[in-house]
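These are the residues of each chain, in order.
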Amino acid sequence: MKYKGTGEKEMDASVKNSIDARKSSFSMSYEITDEVQKDIDELFSRIEEFGKTCKDAMDFETKFASSPLNQEYIDMFTKVAKKCKVKGLEDDGESKGKRVLNEMGSDAKYLAKDLSMPARRKAREEMDRKMRSTPLGKVEQAHNMFWLAKRFTKRKSKTDELNIENDESNN
């Protein structure tokens, strides 16, 4: 983590990117009104202060998921969907609501998958590391080493030997 010269803690770049992605999802999907923009800015001001307490994106995502700020963020999406127009959609009544819900669901799934990717990778690596230290993992390692050694020490077949001899005699 970096520190500013004034003694104030500076946010980790990966945490800043995560927060900025969340914030930009509002303006990319909706025509934000001034009233709603003020609420969004206030919420993200608090989220940024929260982000400064985290060492990296994984730490931020873990803590944010169980933070009351996460629920406020979700509630802000609901508020924005009710008060702002979706970009690129005409107002045709009933189908607009369905499209908004589908868009929100799609955005939420994409964001959750994208933000959880580092945590899932780390969990998978940790599981693999622990698995290798078990007796079954040691058997698997021995099996892999056996097949690797066998591959390099494999005897040439008669066909391979004949092909090599023919190549040598042709040169």
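Each remark here, short or long, concerns the structure printed above.
These notes cover the structure that comes with them. (Residues numbered from 1 in each chain as written. Predicted model: local features only at pLDDT ≥ 70, side-chain atom pairs only at ≥ 80, totals over all residues. Heavy atoms only, no water.)

**As for the overall build of the chain**
Note the cut-off: Going along the chain from the N terminus, every DSSP run of H or I of four or more residues is numbered as a helix, and every run of E of two or more is numbered as a strand. For every residue, the accessible area (1.4 Å probe, protein chains only) is compared with the maximum for its type, and the residue is labelled buried under 20%, exposed over 50%, or partly exposed between those bounds. The contact rule is simple, with two residues in contact once any of their heavy atoms fall within 4.5 Å.
When you go through the chain residue by residue, the secondary structure sums to seven helices and two strands. Reading the secondary structure of the chain in the N-to-C direction produces α-β-α-α-α-β-α-α-α. The buried share of the chain, reckoned over its 171 residues, is 22%. Across the chain, the fraction of contacts at a sequence separation of at least 24, relative to all contacts at a separation of at least 6, is 65%.

**Brief notes about the pattern of salt bridges**
Note the threshold: For this analysis, a salt bridge means a side-chain nitrogen from Lys or Arg found within 4 Å of a carboxyl oxygen belonging to Asp or Glu.
Throughout the structure, instances matching the rule amount to 13 salt bridges. A salt bridge links E42 to R46; its shortest N-O distance comes to 3.0 Å. Pair noted here: E42 and R46 are both in helix α2 (residues 34-51), with a separation of four residues, about one helical turn. Looking at R46, the relative accessible area reads 32%, which means it is partly exposed. Because the salt bridges share partners, they merge into one network encompassing K16, D20 and E48.

**Quick notes on the packing of α2 against helix α4 (residues 68-83)**
For clarity, the threshold we go by: Helix axes are fitted only over the stretch in contact, all axes being lines through C-alpha atoms; the angle between N-to-C directions runs from 0 to 180 degrees. The cut-offs work like this: below 35 degrees is roughly parallel, past 145 is roughly antiparallel, 65 to 115 is roughly perpendicular, and the gaps in between are oblique. With the far helix as reference, a near helix turned anticlockwise by less than a right angle produces a left-handed crossing, and one turned clockwise produces a right-handed crossing. Charged residues are taken to be Asp, Glu, Lys and Arg, nonpolar residues to be Ala, Val, Leu, Ile, Met, Phe, Trp, Tyr, Cys and Pro, and polar residues to be all remaining types, Gly included.
Following both chains from N to C, one finds α2 and α4 inclined at 165°, their axes separated by 11 Å at the closest point. The orientation of α2 with respect to α4, classified from their angle, is roughly antiparallel. Seen along the crossing, α2 lies across α4 with a hand that is left-handed. Together, E35, V36, D39, I40, L43, F44, R46, I47 and F50 of α2 and L69, E72, Y73, M76, K79, V80 and K83 of α4 make up the contact between the two elements. Split into classes, the residues belonging to the contact of α2 with α4 amount to ten nonpolar, no polar and six charged.

**Observations concerning the environment of L43**
Summarising the element assignment, L43 is placed in helix α2. Judged by relative accessible area, which is 2%, L43 ranks as buried. Expressed as a C-alpha distance, the spacing of L43 and M76, which sit 33 residues apart in the sequence, is 8.5 Å. L43 has contacts with L69, E72, Y73 and M76, leaving out every residue within four places of it along the chain.

**Regarding the packing of helix α1 (residues 13-29) against α4**
Where α1 meets α4, the closest approach of the two axes is 11 Å, and the angle between their N-to-C directions is 10°. Relative to α4, the element α1 lies roughly parallel. In this structure, α1 contributes R22, S25 and F26 to the contact, and α4 contributes Y73, M76, F77 and V80. Among the residues making up the contact of α1 with α4, the classes are represented as five nonpolar, one polar and one charged.

**Thoughts on a nonpolar patch on the surface**
Inclusion rule: Each patch is assembled from residues with relative accessible area greater than 30% and no salt bridge, linking like charges that lie within 9 Å and nonpolar side chains (Val, Leu, Ile, Met, Phe, Trp, Tyr) that lie within 5 Å. Only the protein chains shown count as covering a residue, and every accessible area follows the Shrake-Rupley method with a 1.4 Å probe.
On the surface, a cluster of nonpolar side chains totalling about 280 Å² of accessible area is made up of M131, L136 and V139. Take M131: it is sitting in helix α5 (residues 94-132).

**Here we look at the packing of aromatic side chains**
The condition is simple: Side-chain rings of Phe, Tyr and Trp (the six-membered ring for Trp) are treated as a pair once their centres are within 6.5 Å; stacked means planes under 30 degrees apart, edge-to-face means over 60, and tilted covers the remaining angles. Here, a charge over a ring means that NZ of Lys or CZ of Arg falls within 6 Å of the ring centre while also lying within 35 degrees of the ring normal.
All chains considered together, the criterion is met by ten aromatic pairs. Between Y73 and F77, the aromatic rings sit 5.4 Å apart at their centres with planes inclined by 80°, giving edge-to-face as the arrangement. One end of the pair, Y73, and the other, F77, are both in helix α4, four residues apart, so they sit about a helical turn from each other. Accessibility classification places Y73 together with F77 in one group, the buried group. With centroids separated by 5.3 Å and ring planes inclined at 80°, the aromatic side chains of F146 and W147 adopt a geometry described as edge-to-face. Overall, W147 belongs to the partly exposed group, its relative accessible area being 43%. Taken together, the ring pairs in this structure connect F26, F44, F50, F60, F64, Y73 and F77 into an aromatic cluster. Lying across the ring of Y73, R22 places its NZ or CZ 5.6 Å from the centre.

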